[in-house]
Amino acid sequence: MELLKSGSGSELTIAVKGRLDTTTAPQLEAELSSSLDGVTKLILDFAGLEYISSAGLRVLLAAQKTMNRQGEMTVRGATPAVCEIFDITGFCDILTLE
């Protein structure tokens, strides 16, 4: 998995490429933990995300809970395969998808 961070001030975009699974979810979790101070708008760009497992979903849920307290979170560009997982798990009702 590859993470690309960009943004300034209170807005942060993280592009996630590859697979977000049991092996790679801790990497995204650590990145989010160290990057969300002062962020009021978080954008997760999933255009390059091929697959997300339950471990990845857990990281998204934790990030959404954090951002509910301090701003907003948007998931952008999710592939049809990832959108199907969001739909099956009910995450499409929890997340803001673009």
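Look up: the structure comes first, before these words.
In this text the structure is predicted, and so the values were computed from the model without any measurement.

What counts as what
- Residues numbered from 1 in each chain as written.
- Predicted model: local features only at pLDDT ≥ 70, side-chain atom pairs only at ≥ 80, totals over all residues.
- Heavy atoms only, no water.
- Pairing = 2+ DSSP bridges.
- Helix = DSSP H or I, 4+ residues; strand = E, 2+ residues; numbered from the N terminus.
- Contact = heavy atoms within 4.5 Å.
- Axes fitted to C-alpha atoms, helices over the stretch in contact; angles between N-to-C directions.
- Right-handed = clockwise from strand over helix to strand, strands pointing away.
- Salt bridge = Lys/Arg side-chain N within 4 Å of Asp/Glu carboxyl O.
- Buried < 20%, exposed > 50% of the residue type's maximum accessible area, 1.4 Å probe, protein only.

Turning to the sheet that holds strand β1 (residues 2-8), a few remarks are in order. Spatial strand order, β1-β2-β3-β4-β5: five strands in an open sheet with mixed pairing. Looking at strand neighbours, the two that pair on one side only are β1 and β5 (96-97), the edges of this open sheet. Alignment of strand β3 (residues 41-52) against strand β4 (residues 72-76), held across five bridges, turns out to be parallel. The residue of β4 that forms the bridge with L42 is M73. The strands that helix α2 (residues 54-70) touches are β2 (11-20), β3 and β4; relative to β3, the one it contacts most, it runs at about 170 degrees. Of the strands in this sheet, β3, β4 and β5 touch helix α3 (residues 80-89), which is tilted by about 105 degrees from β3.

Next up on the list: the pairing of β4. Following the chain from β3 across α2 to the adjacent parallel β4, one finds a crossover that is right-handed. Two elements, β4 and β5, share two bridges in a ladder whose sense is parallel. When the bridges of β5 are listed, V75 appears paired with L97. Read as a crossover between parallel neighbours, the route from β4 over α3 to β5 is right-handed.

Before going further, it helps to examine the pattern of salt bridges. What the rule picks out here adds up to four salt bridges. Between R19 and D21 there is a salt bridge, with the nearest N and O atoms lying 3.6 Å from each other. Given a relative accessible area of 16%, D21 falls into the buried group. In this structure, R58 engages E29 in a salt bridge whose closest nitrogen and oxygen atoms are separated by 3.3 Å. Taken as a pair, R58 in helix α2 and E29 in helix α1 (residues 25-35) lie far apart in primary sequence, 29 residues in all. By relative accessible area, which is 44% here, R58 ends up partly exposed. For E29, a relative accessible area of 31% gives the class partly exposed.

As far as function goes, none of this settles anything; it's purely spatial.
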